[in-house]
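These are the residues of each chain, in order.
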Amino acid sequence: MSERKNFGAQPFLFPQPVLIIGTYDENGKANAMNAAWGGIVGRDEIIIDLSHHKTTDNIMANRAFTVSAGDAEHMAACDYVGLVSGEKEPHKMEKAGFTTTKSAFVNAPVIHELPVTLECELVKVIDGSKYLGRIVNVSADQRVLGEDGEISLEKFSPITFDTVHRGYYKLGERVGSAFQDGAQLK
């Protein structure tokens, strides 16, 4: 057995999704930010850990947000919305190349360029920074649907964030079948 190296308490869970959080400000203007820390915590729940941002003000005002998975095609735009504040750059969405439509389910924008979006309503804020949302709808662009009408990772290329080396990576190829391959070990 090889020796293990200890790193202490670190956010080293792989893959780490690249979450693009969409909100509206008090004037109905769309905003987006890149959030590294978040994930699914139940069948219809997601938590995103955010320090104070324009996005958090918007979430509190509207009690709604969208979460889109960053993808390989729009990696630079996804990184950009994490670097630039909507408070300081009024044309942030235009510069990112993002266009939006209001969700039919919550008061938050759906970003057209990012093909998979979770449309969420705020349930509560935990410990001052963890935004628990209830997923009320998932919408997906037709371009990422397979022949079965479901989201296909053969057509959709979500990216993951490497917290160690601060890089973005595409998810890899299919390597097995869930709820089947382990059965051979029974």
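Above this text you will find the structure in question.
So, how was this worked out
- Every residue gets a number counted from 1 within its own chain, in the order that chain's sequence is written.
- The predicted nature of this model means local features are confined to residues of pLDDT at least 70 and side-chain atom pairs, given and counted, to a pLDDT of 80 or more, with totals for whole chains, interfaces and linings taken over all residues.
- Side-chain figures throughout are based on the complete set of non-hydrogen atoms in the structure, without hydrogens or water.
- Geometry of aromatic contacts follows a simple scheme: Phe, Tyr and Trp rings, the Trp one being its six-membered ring, pair when their centres are within 6.5 Å, and the pair is stacked under 30 degrees between planes, edge-to-face over 60, tilted otherwise.
- When a residue's accessible area, from a 1.4 Å probe over protein chains only, is under 20% of the maximum for its type it is buried; when over 50% it is exposed; and in between it is partly exposed.
- Only buried residues count toward a nonpolar core. Its members are Ala, Val, Leu, Ile, Met, Phe, Trp, Tyr and Cys residues joined through side-chain atoms within 4.5 Å.
- Note on conventions: DSSP H or I runs of at least 4 residues are helices, E runs of at least 2 residues are strands, and numbering of each starts at the N terminus.
- Whether two residues touch is decided by their heavy atoms; if any such pair falls within 4.5 Å, the residues are in contact.
- Any Lys or Arg side-chain nitrogen found within 4 Å of a carboxyl oxygen on Asp or Glu counts as a salt bridge.

> Lay out the packing of aromatic side chains with the relevant residues and their values.
Each pair of aromatic rings is reported with the distance of its centres and the angle of its planes. Across all of its chains, the model carries two aromatic pairs by this definition. Each ring, one from Phe-7 and one from Phe-12, has its centre 5.9 Å from the other, and the planes form 70°; the classification is edge-to-face. Under the relative-accessibility criterion, Phe-12 is labelled partly exposed at 31%. On the numbers, 6.0 Å between centres and 50° between planes, the contact of Phe-161 with Tyr-168 is tilted. For Phe-161, a relative accessible area of 19% corresponds to the buried category.

> Please give an account of the nonpolar core that cites residues and values.
Core analysis: the biggest nonpolar cluster contains 16 residues, and Ile-20, Val-81, Phe-98 and Ile-111 have the highest contact counts within it. Sorting the residues of this core by element identifies β1 (19-24), β2 (30-35), α2 (75-83), α3 (92-96) and β10 (159-162) as the ones contributing at least two each. In terms of residue count, the dominant contributor to this core is α2 (four residues). Among all residues touching Ile-111, those that are not within four sequence positions of it are Ile-20, Ala-32, Met-93, Phe-98, Thr-99, Thr-100 and Thr-117. Counting 15 residues, the second-largest nonpolar core is a separate cluster that includes Leu-19, Met-33, Ile-59 and Tyr-131.

> With reference to specific residues and values, describe the pattern of salt bridges.
By the definition in use, this model includes five salt bridges. Linking Arg-134 and Glu-121 is a salt bridge whose minimum nitrogen-to-oxygen distance equals 2.8 Å. With Arg-134 in strand β9 (residues 130-140) and Glu-121 in strand β8 (residues 116-126), this pair connects stretches of sequence that are 13 residues apart. Here Arg-134 falls in the partly exposed class, since its relative accessible area comes to 34%.

> Now, about the environment of His-91: what can you tell me, with residues and values included?
Assignment of secondary structure puts His-91 in the loop between α2 and α3. Spatially, the C-alpha atom of His-91 lies 20 Å from that of His-52, the residues being 39 residues apart in sequence.

> Please give an account of the environment of Gly-182 that cites residues and values.
As for its placement among the helices and strands, Gly-182 is situated in the segment after β11 (167-170). The sequence separation of Gly-182 and Arg-134 amounts to 48 residues, and the corresponding C-alpha distance is 31 Å.

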